[in-house]
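Residues per chain, in single letters:
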Amino acid sequence: MFTTEVRKNNEIFQAVLEQMPYGVTVVDADNKVVFANRVAKEVRNIDISSRLEYLKNEQRRVFRKTIFDQVKERYYEDNYKRIFDDTNNYIGSIVISRDITYTNKLEDEKTTYLRKLEEKIYELTGELQVLLVSSMSSLVYALEAKDRYTKGHSLRVCDMAVKMAEYKWGICNESKDIELAGKLHDIGKIGIPEVILNKPGKLTDEEFHYIKEHPIIGQNILTSMENLKSVAKIIRHHHEKFDGSGYPDNLSGDLIPQGARILAIVDSYDAMTSERPYRPPTAPEEAAHEIEKNAGTQFDPQWVKIFLELFQSGSITETLSVESSTSATYNDAFPNRFNISCQTNVNQKFSAS
Ligand SMILES: [Fe+2]
C-alpha cells in the first residue's frame, strides 16, 4: 500500500517535471544523470546515465553557468544546486536550465538603445551648451559695450589668459576651460546694479559688497551645466589673491584654481591699461611692472613669470589693439586665435631655441 502510494507520487512528480518549461536534471553522488526531463534532453542534450564530470571538482553549493550552444546559436543559463545529507555527504545535484537567448537579445537591444540615447543626449547637450555659452558671451559683450571704459574687456582678458595657459600647457582641456572662463568671468555682473558698475568715483563699502558678489553669481549661472563646473570654479575665484586677501573665499596659493590665478593677472593688467573716467590708461610697461611688483602678494609668482615672458615677446600688447563691439563674436575679434590653437603648439612658438 505504502509502496504503491510512493510510486504514484513519484509518477505525479515526474509528470510535473516533464511539463516544466525549464530543463531539470538530477545527478547522483557520482554525478551520473538519474533524471532529465524533456526540456533538459532537448535543450541541453543530456542523456540519462551520462555523467556531468565537471561537477566533481566543483566546491560551491550553488552556482550558475551561461552556456552558448554554437550549433543552435542559443544561450542557456544553468543553475546548479549541490545537495548534501545530514552528515554533510554529497548526495547529488539538481540543474535547472533555461534558454536565455531571447532575454540576452533583449538585453543587447536595450544596451544598444541606451548607448545611442546617451550619445544623442551628449550631442544635444553639447549643442545646447555651445548655444548657451554663445548667448552668455553676447550678454557679457553687450554689458561691456554699454560702457566705453569696459568695452572689449572680457575678450582681451580671454585672449591673454589663453596665451598664458597654452604657453605653459599647450592646447589641452585646461586651456579650453580658461578660454571659456576668460570670456565669461564677469558674467555675474549682470546681477549687479548698473549704477554701481558704472560709478565713476570710489565705491562705498556697501557698493563694494555688491561688486564682490559677481564671481559667485557667475559661478551660479554656470553651475547648472555639468561639464562647465571647472569653468564655474575658475570664475568664482578670479578675484582671489595669492596671499589670501582676495574674495569671495580668501583662498591663497595653490588652493586658488590655476585658471583663476591666470585671470587675476590679466584682468588687473587689462583694467590698468584701460582708460577710466577718473584716470588715463596706464602704459603697458608700467602695468607689467605693477604686476611684477605684486608677484607673491596679489599674484602667483609662477604665472607672473610667464606673463612677463609673454609681455616681453610682444604677445600681450598685441591683445590691446583689439576692441569688441556688441555684435562681435570671439572669432570676429580674434580671427587667428583658433587657427593658432589648431596648428601650433605655442610652447614651441615661444620656447628658447
Ligand atoms: Fe571680475
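Report on the accompanying structure. (Residues numbered from 1 in each chain as written. Predicted model: local features only at pLDDT ≥ 70, side-chain atom pairs only at ≥ 80, totals over all residues.)

Ordered in space as S2-S1-S5-S4-S3, the five strands form an open sheet in which the pairing is antiparallel. Each of the sheet's edge strands pairs with one partner strand only, and the pair in question is strand S2 (33-36) and strand S3 (62-69). Mean inter-strand twist for the sheet, computed between neighbouring axes without regard to direction, equals 20°. (Pairing = 2+ DSSP bridges. Helix = DSSP H or I, 4+ residues; strand = E, 2+ residues; numbered from the N terminus. Axes fitted to C-alpha atoms, helices over the stretch in contact; angles between N-to-C directions.)

A few words now on the pairing of S3. Look at any regular strand and the pattern is simple: side chains alternate between the two faces of the sheet. Sparse coverage of S3 is indicated by the burial of zero of its eight residues. Strand direction decides the pairing type here: S3 and strand S4 (residues 74-84), joined by eight bridges, are antiparallel. Pairing of aspartate 69 across the sheet is with arginine 74, part of S4. Here S3 folds back onto S4, and the loop between the two strands holds four residues, one of which, glutamate 73, carries a positive phi near 55°. (Buried ≥ 20, exposed ≤ 12 C-beta atoms within 10 Å, placed from the backbone.)

The next point concerns the pairing of strand S1 (residues 23-27). For S1, the tally of buried residues reaches four of five residues, placing the bulk of the element in the interior. Pairing analysis gives three bridges linking S1 to S2, with the strands arranged antiparallel. Its bridge partner being in S2, threonine 25 is matched across the sheet by alanine 36. Linking S1 back to S2 in an antiparallel pair, the connection comprises five residues, with asparagine 31 at a positive phi of about 65°.

The next point concerns unusual backbone geometry. Cis geometry marks the peptide bond from tyrosine 247 to proline 248, where omega comes out at 10°. Examined against the element boundaries, proline 248 turns out to sit in the loop between helix H9 (229-236) and helix H10 (258-273). Here glutamate 73, not a glycine, exhibits a phi torsion of approximately 55°, which is positive. Mapped onto the elements of the fold, glutamate 73 is located in the loop between S3 and S4. The phi torsion at asparagine 88 lies on the positive side, around 70°, for a residue other than glycine. With respect to the helices and strands, asparagine 88 occurs in the loop between S4 and strand S5 (90-99).

Nothing here speaks to function; it is all geometry.
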